[in-house]
Protein chains: 4
Amino acid sequence: MIKKEFKEKYELFKRLAYVIIYGTNTRLGRLFDLVLLALITVSVIMVMLETVKGIDHRLHGLLVFMEWIITVFFTIEYILRIISNKKPYRYIFSMYGIIDLISILPMYLSFITPYTKAISVVRALRLLRIFRILDLVTFMNQGEELKMALRASRNKIIVFVYFVLVISILLGSLMYVIEKHQNGFTSIPRSIYWCIVTLTTVGYGDISPSTTLGQLVAAVVMILGYGIIAVPTGIVTAEYTKVSRANILKEEEMNYREEIAQREKKIICNHCGNTQHLPDAKYCSECGHLLIEKRIDAAQT
Amino acid sequence: MIKKEFKEKYELFKRLAYVIIYGTNTRLGRLFDLVLLALITVSVIMVMLETVKGIDHRLHGLLVFMEWIITVFFTIEYILRIISNKKPYRYIFSMYGIIDLISILPMYLSFITPYTKAISVVRALRLLRIFRILDLVTFMNQGEELKMALRASRNKIIVFVYFVLVISILLGSLMYVIEKHQNGFTSIPRSIYWCIVTLTTVGYGDISPSTTLGQLVAAVVMILGYGIIAVPTGIVTAEYTKVSRANILKEEEMNYREEIAQREKKIICNHCGNTQHLPDAKYCSECGHLLIEKRIDAAQT
Amino acid sequence: MIKKEFKEKYELFKRLAYVIIYGTNTRLGRLFDLVLLALITVSVIMVMLETVKGIDHRLHGLLVFMEWIITVFFTIEYILRIISNKKPYRYIFSMYGIIDLISILPMYLSFITPYTKAISVVRALRLLRIFRILDLVTFMNQGEELKMALRASRNKIIVFVYFVLVISILLGSLMYVIEKHQNGFTSIPRSIYWCIVTLTTVGYGDISPSTTLGQLVAAVVMILGYGIIAVPTGIVTAEYTKVSRANILKEEEMNYREEIAQREKKIICNHCGNTQHLPDAKYCSECGHLLIEKRIDAAQT
Amino acid sequence: MIKKEFKEKYELFKRLAYVIIYGTNTRLGRLFDLVLLALITVSVIMVMLETVKGIDHRLHGLLVFMEWIITVFFTIEYILRIISNKKPYRYIFSMYGIIDLISILPMYLSFITPYTKAISVVRALRLLRIFRILDLVTFMNQGEELKMALRASRNKIIVFVYFVLVISILLGSLMYVIEKHQNGFTSIPRSIYWCIVTLTTVGYGDISPSTTLGQLVAAVVMILGYGIIAVPTGIVTAEYTKVSRANILKEEEMNYREEIAQREKKIICNHCGNTQHLPDAKYCSECGHLLIEKRIDAAQT
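Residues numbered from 1 in each chain as written. Chains lettered and ligands numbered in written order. Predicted model: local features only at pLDDT ≥ 70, side-chain atom pairs only at ≥ 80, totals over all residues. Heavy atoms only, no water.

Regarding its fold elements, chain A presents ten helices and zero strands. Put simply, chain A runs from its N terminus to its C terminus through helices and strands in the order α-α-α-α-α-α-α-α-α-α. In chain A, buried positions account for 43% of the 301 residues. Of all intrachain contacts in chain A linking residues separated by at least 6 positions in sequence, the fraction that spans at least 24 positions is 53%. Accessible surface, chain A: about 16,600 Å² in total, of which carbon and sulfur atoms supply 67%. (Helix = DSSP H or I, 4+ residues; strand = E, 2+ residues; numbered from the N terminus. Buried < 20%, exposed > 50% of the residue type's maximum accessible area, 1.4 Å probe, protein only. Contact = heavy atoms within 4.5 Å. Areas by Shrake-Rupley, 256 points an atom, 1.4 Å probe, with all protein chains shown as cover.)

Structure follows, in structure tokens:
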């Protein structure tokens, strides 16, 4: 008897947990999501602060203590997510499930080796959960068009990046020869690194040409980089415009069809009741009778 | 008697002040706005020069003297704006009202503490007043489309910036581990700072990787940054094109409807009721009868 | 007699000079333009080389000699342009006329003061003459659309640049306060300079924040700069698309009108010869006669 | 007899080699292409590694050995490409043929002079062969639109680059005068180099102005560069949108024409010749007669 009662309560608890954790429609569900997001943010900031020497010195104890609290909370949440879900495996092996596991593991592994703690910053990935919460409210449509545009331009972007890499290999090697292995151009990989730094207009300045010929080639690389940035921008813009216009056209067509439907409704054959006529038809297309209503209609409007 | 006369004069003064200070239609109103803009520009430049040691040394007295003159002028203007306005609270708590107050306060507060003086550069915000003056003349339409486009793309831009931040946290932490806390990557926040510097293609060079693996990751970050700059550009461009085209279409549709309306008004056959005629038809295209109405209509227009 | 003959020859010479110098249709005219462009390029390169110490040392004599030859040639060309032109003042005070004069003056003024010689690099402006030559052949249409787009977006770009400047003044001053006048932020103008360097994603690294708060603000400035680059790009792209589509639509409309004209030609009233009918008219709109040809026409097609 | 048999076998071998090397339809052909790509990638990486001192020290023997193997393989491939091709000269003097030759030559020439080895990085150009393999499968259409857009905007981009160069020469020279030949602005070519570095927003920081006037001009250059990047982006985007829309319109028009053709084929009233009917009309909308043809037509389709 007690066992059954317990089981019933457990089932209720599971259902409740599911609604709160996975759902976003109830007030408690939304509150839970917000608290979770806040905790994720706090935990990410704490991992960061731990690496700042001055702060870590003063607050080491507090930081470690708080991190343990958050980790325990995350662990409980993880377990609840598994037991409340009807298909737990689908959650465990989903992207979010794996991220959630990786977020809590390093803290426990830190007993064995201290180096894994820095990895716990991967819990920043949990911040992506915000899209899950927001998606369902207002950002859904915003992201959808963008995602479609990016998917449509993916292949073109890959071709573009491949092309940029080949150019970087060639021009990087050229600079290695021109600058005679000096001024930071000590090997071809480093020269390629320089070429990417320059082509993407980042320009650290840690490696920079000092021979006249090298500066000439560098100028060419810069103008090239300055110009070809237009390519991915052009692709994304065009695809985005396309997707965005396709949506507008779809809407317009629906409006147009409705309008046509309403217009065609106007003429009704009073012999057979057919409403499918051309706008300027004189005889019913179904039974061949003269359409009288239409005249009246035309006179009325 | 004298009191009443004074009150009348005061009312007149208030109305005049209102027209000159708030209005842009009269010649005096425009002149006032231009003088104000010039003074704002001068005062901003003076605050700047005061921080340049060489110039401040030589011209300290002059600069302070001029700043006091301008501050007094701004104070009088601020008071006039309040008393001439019928709803003074609406001005005081408007964005421009608060900026105006902040612009004059630091100078008076400098009696108490000298540190507030640097804040007086906020009067640069008053330079935004130019939009108020220009808006009403020619720039209005220019800005309107842009504003609409930016408002339409705001949500998408926020999602994008959030995404960039999450990427920066992850890749910054990765570099912190890879570069083994050296070469400037002394803490995760600093590494994230480096990541943003690189992703946005700014590339100061104050922190830059020196290990091969670090340079490889940096190259990935650069190409990523080089590519994803296409996203905000694509969004703004597409939204702007949309808004801009919507306006053109609206205009075109209005022209079209007008044209149709005028055309249809012209000719109705009073024999068969047909309205489908060429604009200059004399006989009905449906029944061959003379079109009489049209003649009258044509004579009228 | 001799005087008259000379005058005739002089007139002929002037007309010939005009055709060769100003014209681009004759073979000699084109050759002259090409030679001129080549000489301008050579002269610009020489002015550059003169400032390179190593090269100037070895070739000083040669460089000066060649520059004098080119200057004399330019002077003769300038005089010919004036005397061969019927309205010499229009040339002298045109943009090209002033550039031409400035290109030759520094060399003569170098007798008096040696410092003006560096100014002779303004003859690089003469390189813009290439647009004159090319415009008339193939680049005309290319540039026209671009020019129209840039003119249409000029006001918006000015508003944008003004906005960027106000932001730079505010954020620059903020950094001056935050970084406590150190790390290169020694004055507000320098801080503003840093802000522009960062906002435009140039990022020299000669001035860069080192406090945590400063780096935070810098990160905001970078992301801001990374984002608002989308604005001018969006404006130019949208305007360019607009201009470019307007041209296409104009063409299409012309084609459409032609097509309509040809279609309407098909129905000819064999009573009055009128060809202006609705496509499905049964009676002539001009004389009210039955349109027989149309039936035949419909049967034929 | 043996000679003939050998010749036959040789012919067969040549045909087989042709299918495998040039073809991408057979499984062996695809495998060959993939192996080739892998080998090219390996060889490029090896040339790079050879220039890294640490790695070259340890693995010099291995790297040289492997490079010889790959070079021999490439040589055999090159010979096979020539003998299996019916028009060998067309291959030899094609872009790919020349790249293939340059890829193997440096290794053989390294017997004579060791400096040519660095050139063997040109075999990175062979990586472009990937487009050949991919083109035929999925990337073809992707690249086609992009190529058309780039070709359409080529002239405009050339004009733009020319313009940027002229601006760089003028502003570079200006800075040379302003910064009084100091702070890295030691010659006009170096100043022009700085101007390009700044205009393209690369910003190394190896040369940067330190006078106030110089920083002012630099700020102008930066904002200029920040703004004019909009131009190539705008051009490519607009052209790409144009090409992309032209393709969509072409498709739509074809669909529309087909639809119209099918519709019109269906119904012709054989009493009055009217062809304007609803798709499923039974009686003519113009004269009320039964539509017989349509029934037959409908029965046929």
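One finds A:Trp194, B:Trp194, C:Trp194 and D:Trp194 to be the most contacted residues of the largest nonpolar core, which totals 219 residues. Beyond its immediate sequence surroundings of up to four residues, C:Trp194 is in contact with B:Tyr204, C:Met175, C:Phe185, C:Ile207, C:Ser208, C:Pro209, C:Ala218 and C:Val221. (Core = buried A, V, L, I, M, F, W, Y, C linked by side-chain atoms within 4.5 Å.)

All names here are of chain A. A positive phi angle, near 60 degrees, is found at Thr 201, a position not held by glycine. Here Thr 201 shows up in the loop between helix 7 (188-199) and helix 8 (212-228). Assessed through its relative accessible area of 4%, Thr 201 is described here as buried.

Glancing now at the UniProt feature "transmembrane region" (unreviewed entry) in chain A. Residue and element names in this part refer to chain A. Here the UniProt feature "transmembrane region" (unreviewed entry) sits at residues 31-49, 61-80, 92-112, 157-178 and 216-238. Structurally, residues 61-80 is divided into 100% helix and 0% strand, and its ends, taken at the C-alpha atoms, are 29 Å apart. Secondary structure content for residues 216-238 is 96% helix and 0% strand, while the C-alpha to C-alpha distance between its ends is 34 Å. (UniProt positions renumbered as here; feature names shortened; annotations may be inferred.)

Summed over the entire model, instances satisfying the criterion amount to 28 aromatic pairs over all chains. Relative to D:Tyr226, the ring of C:Phe160 has its centre 6.5 Å away and its plane inclined at 20 degrees; by these criteria the two rings are stacked. In this pair, C:Phe160 is assigned in helix 6 (residues 129-178) and D:Tyr226 in helix 8 (residues 212-228), connecting two distinct chains. In this structure, C:Phe160 and D:Tyr226 share a single accessibility class: buried. Aromatic pair C:Phe185 and C:Trp194: ring centres 5.2 Å apart, planes at 65 degrees, arrangement edge-to-face. (Phe/Tyr/Trp six-rings, centres within 6.5 Å; stacked < 30°, edge-to-face > 60°.)

Residue and element names in this part refer to chain A. At a closest axis distance of 9 Å, the pairing of helix 2 (residues 27-50) and helix 3 (residues 53-84) adopts a crossing angle of 145 degrees. With respect to the hand of their crossing, helix 2 and helix 3 are arranged in left-handed fashion. The segment helix 2 lies against helix 3, with Phe 32, Leu 36, Leu 39, Ile 40, Val 42, Ser 43, Met 46, Val 47, Leu 49 and Glu 50 engaging Ile 55, Asp 56, Leu 63, Val 64, Met 66, Glu 67, Ile 70, Phe 73, Phe 74, Glu 77 and Arg 81. Residue composition of the contact of helix 2 with helix 3, grouped by class: 15 nonpolar, one polar and five charged. (Axes fitted to C-alpha atoms, helices over the stretch in contact; angles between N-to-C directions. Left-handed = near helix turned anticlockwise from the far one by under 90°. Nonpolar A, V, L, I, M, F, W, Y, C, P; charged D, E, K, R; others polar.)

A full pass over the atoms with the stated rule returns twelve salt bridges over all chains. Across the pair C:Asp100 and C:Arg81 runs a salt bridge whose closest N-O atoms are separated by 4.0 Å. Of this pair, C:Asp100 sits in helix 5 (residues 95-109) while C:Arg81 sits in helix 3 (residues 53-84), and the two are 19 residues apart along the sequence. Neither C:Asp100 nor C:Arg81 differs from the other in exposure class; each is buried. In the salt-bridge network here, residues are joined through shared partners; they are A:Glu77, A:Arg81 and A:Asp100. (Salt bridge = Lys/Arg side-chain N within 4 Å of Asp/Glu carboxyl O.)

Below, the discussion takes up the environment of D:Ile223. The topology assignment puts D:Ile223 in helix 8. Once you skip the residues sitting within four places of it in the chain, D:Ile223 turns out to touch C:Val161, C:Leu165, C:Ile196 and C:Thr200.

Residues and elements named next belong to chain B. Look at helix 7 (residues 188-199): 16 Å from first C-alpha to last across twelve residues, which is about the 16 Å you get at 1.5 Å a residue. Every buried residue of helix 7 is accounted for by Ile 188, Ser 191, Ile 192, Tyr 193, Trp 194, Cys 195, Ile 196, Val 197, Thr 198 and Leu 199. The first or second residue beyond helix 7 is Thr 201, which carries a positive phi of 60 degrees. (Expected span 1.5 Å × (residues − 1).)

Turning our eyes to something else, we now look at the packing of helix 7 (residues 188-199) of chain D against helix 8 of chain D. Residue and element names in this part refer to chain D. Their axes nearest at 8 Å, the elements helix 7 and helix 8 cross at an angle of 50 degrees. On the basis of the axis angle, helix 7 is oblique to helix 8. Between helix 7, through Trp 194, Cys 195, Thr 198 and Leu 199, and helix 8, the contact on the second element is made entirely by Ala 218, Val 221, Met 222, Leu 224, Gly 225 and Ile 228. Within the contact of helix 7 with helix 8, the residues separate by chemical class into eight nonpolar, two polar and no charged. (Parallel < 35°, antiparallel > 145°, perpendicular 65-115°, else oblique.)

Attention now goes to the confidence of the model for chain A. All names here are of chain A. For chain A, the average pLDDT comes to 78, and 79% of its residues sit at 70 or higher. Helix 10 (residues 292-300) is the least confidently modelled element of chain A, averaging 46 in pLDDT, while helix 7 averages 90, the highest of any element. Across residues 293-301, where pLDDT falls below 50, the model places nine contacts with residues more than four positions away in sequence or in other chains. What the predictor reports for the complex is a pTM of 0.79 with an ipTM of 0.75. (pLDDT = per-residue confidence, 0-100.)

With that settled, the discussion passes to the environment of A:Leu37. For A:Leu37, the location among the structural elements is in helix 2. Sequence separation of A:Leu37 and A:Lys9 is 28 residues, and the distance between their C-alpha atoms is 29 Å.

Moving on, we get to helix 3 (residues 53-84) of chain B. Maximum bend of helix 3 of chain B: about 85 degrees, positioned at B:Leu59. If you check which residues of helix 3 of chain B are buried, you get B:Asp56, B:Leu63, B:Glu67, B:Ile70, B:Thr71, B:Phe74, B:Thr75, B:Glu77, B:Tyr78, B:Arg81 and B:Ser84. (Bend = angle between axes of the 7 residues up to and from the residue.)

A separate point is a nonpolar patch on the surface. All names here are of chain A. Together, Val 72, Ile 76, Leu 101, Leu 105, Tyr 108, Leu 109, Phe 111 and Ile 112 line one region of the surface with nonpolar side chains, adding up to about 760 Å² of accessible area. Counting only elements with at least two residues in the nonpolar patch, the list comes to helix 3 and helix 5 (95-109). Taking relative accessible area as the criterion, Leu 105 reaches 38% and is therefore assigned partly exposed. (Patch = residues over 30% accessible without salt bridge, like charges linked within 9 Å, V, L, I, M, F, W, Y side chains within 5 Å.)

For C:Pro232, the location among the structural elements is in helix 9 (residues 230-266). Considering only alpha carbons, one finds C:Pro232 and C:Gly23, 209 residues apart in sequence, at a separation of 38 Å. In this view, C:Pro232 contacts C:Ile157, C:Phe160 and D:Ala230; residues no more than four positions away in its chain are not counted.

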